[in-house]
Amino acid sequence: MMEKADITTTGTVNLIKNPILGKVLFPSSEIQTRISELGKIITEDYTGKDLLLISVLRGGVIFLTDLIKQIDLELSIDFMSISSYPESKSIHTSGVVKITKDLEEPIEDKNILIIEDIIDSGLTISYLLRNLKLRNPNSLEVCTLLDRNVKRIAELNIKYTGFAIGQEYVVGYGLDYKQKFRNLDSIYRLNTAVIKKEFEVMDVSKDSMA
Ligand code: PRP
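Please read these numbers as outputs of a predicted model, since none were measured by experiment.

What about the overall build of the protein?
Reasoning step 1: Scanning the protein from N- to C-terminus turns up six helices and nine strands.
Reasoning step 2: Going through the 210 residues of the protein one by one, you find that 28% of them count as buried.
Reasoning step 3: A separation threshold of at least 6 residues defines the contact pool for the protein, and within that pool the share at least 24 residues apart is 65%.

Some thoughts on the sheet that holds strand β1 (residues 21-26)
Reasoning step 1: The three strands are arranged β1-β9-β8 in an open sheet whose pairing can be described as antiparallel. Strands with a single pairing partner mark the edges of an open sheet, and in this sheet they are β1 and β8 (170-171).
Reasoning step 2: Two strands pair when backbone bridges link them, and β8 and strand β9 (residues 187-190) are joined in this way by two bridges, in the antiparallel orientation. The residue of β9 that forms the bridge with Val-170 is Arg-189.

Some points on unusual backbone geometry
Reasoning step 1: Omega for the bond connecting Leu-57 with Arg-58 falls within 30 degrees of zero, at 5°, which places this linkage in the cis form.
Reasoning step 2: By the element assignment, Arg-58 lies in the loop between β2 (51-57) and α3 (60-67).
Reasoning step 3: Despite not being glycine, Tyr-173 shows a phi value in the positive range, around 50°.
Reasoning step 4: With respect to the helices, strands and loops of the structure, Tyr-173 is situated in the loop between β8 and β9.
Reasoning step 5: If you check the backbone angles, Gln-179 has positive phi at about 70° while not being a glycine.
Reasoning step 6: On the secondary structure map, Gln-179 appears in the loop between β8 and β9.

With respect to the site of the ligand
Reasoning step 1: Close contacts around the ligand come from 17 residues, with Arg-58, Gly-59, Asp-120, Ser-121 and Thr-124 the closest.
Reasoning step 2: At the level of secondary structure, the elements contributing two or more residues to the shell around the ligand comprise α4 (91-94), β5 (111-119) and α5 (123-133).
Reasoning step 3: Element by element, the count of residues in the shell around the ligand is highest for β5, at four residues.
Reasoning step 4: For the shell around the ligand, a count of residues per class yields six nonpolar, six polar and five charged.

Description of the environment of Arg-58
Reasoning step 1: Judged by the 14 C-beta atoms lying within 10 Å of it, Arg-58 falls in the partly exposed class.
Reasoning step 2: When the C-alpha positions of Arg-58 and Asp-117 are compared, they lie 9.0 Å apart, and in sequence the two are 59 residues distant.

Focus: the nonpolar core
Reasoning step 1: Counting residues in hydrophobic clusters, the biggest one holds 37 residues, and the most contacted among them are Leu-113, Ile-114, Ile-115, Val-170, Val-171, Ile-187 and Tyr-188.
Reasoning step 2: In terms of residues, this core owes the most to one element, β5, which gives six residues.
Reasoning step 3: For Val-171, the contacting residues outside a window of four places in its chain are Asp-176, Tyr-177, Phe-181, Leu-184, Tyr-188 and Leu-190.

With respect to the environment of Leu-145
Reasoning step 1: By the element assignment, Leu-145 lies in strand β6 (residues 139-147).
Reasoning step 2: In this structure the C-alpha to C-alpha distance between Leu-145 and Leu-67, which are 78 residues apart in sequence, comes to 9.9 Å.
Reasoning step 3: The residues contacting Leu-145, other than those within four sequence positions of it, are Phe-63, Asp-117, Ile-118, Gly-162 and Phe-163.

Re the pairing of β6
Reasoning step 1: Two strands pair when backbone bridges link them, and β5 and β6 are joined in this way by eight bridges, in the parallel orientation. Counterpart to Glu-116 in the pairing with β6 is Thr-144.
Reasoning step 2: Regarding topology, α5 serves as the crossover connection from β5 to the parallel β6, and that connection is right-handed.
Reasoning step 3: Of the strand pairs in this sheet, β6 and strand β7 (residues 160-164) are connected by four bridges, and their pairing is parallel. If you follow Thr-144 over to β7, its bridge partner there is Thr-161.

Parameters and conventions
- Residues numbered from 1 in each chain as written.
- Predicted model: local features only at pLDDT ≥ 70, side-chain atom pairs only at ≥ 80, totals over all residues.
- Helix = DSSP H or I, 4+ residues; strand = E, 2+ residues; numbered from the N terminus.
- Buried ≥ 20, exposed ≤ 12 C-beta atoms within 10 Å, placed from the backbone.
- Contact = placed C-beta atoms within 7 Å.
- Pairing = 2+ DSSP bridges.
- Near = placed C-beta within 6 Å.
- Nonpolar A, V, L, I, M, F, W, Y, C, P; charged D, E, K, R; others polar.
- Core = buried A, V, L, I, M, F, W, Y, C linked by C-beta atoms within 7 Å.
- Right-handed = clockwise from strand over helix to strand, strands pointing away.

Take a look at the structure:
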């Protein structure tokens, strides 16, 4: 069987020795192949139209930067940042979010594609869709690298998906654990045996580990 160090292709050899990382779920090569496929589909779908991709900070940025290089169109990008209201424990459990960084430009009459690294409960993207729809874009669609719909709460129509995943908790390629591991170029399962004790002590919901 291939060692983890053989799968990761760039300079993260020291990082992947961290015992918190389990097996590779999607190696870098598979991610890049899928992004290339998505880029071709999006190019076809939006040919002849203007296109604005909106990335949700922070996790979606890595995916966005690779995806736009595979879309053969004159496109624009913009960024939003959101956070939960102080009184709500987590956006994953409450869906109560606020915009902490808004778009730089109006989106009226534009074709908007929201780029996410992962959609889990769907509450975050659901909020964003409601918010952006009020600004009267010409079209509004979603592209997510990972779709974990086992605990989906909001009803969603996701037009572009990289990979569907199950209950596993993952890091890398933009996805973090305690703000770390976003710079891994492959996506890894978290070694839950290693972090189990920590979660028991913290008494937090595992849902917050997106
Ligand atoms: C992740 C992800 C989505 C959200 C999805 O962001 O980027 O925005 O969670 O979860 P949901 O479908 O249950 O709402 P996170 O809050 O982890 O912030 P990050 O992008 O800074 O990592």
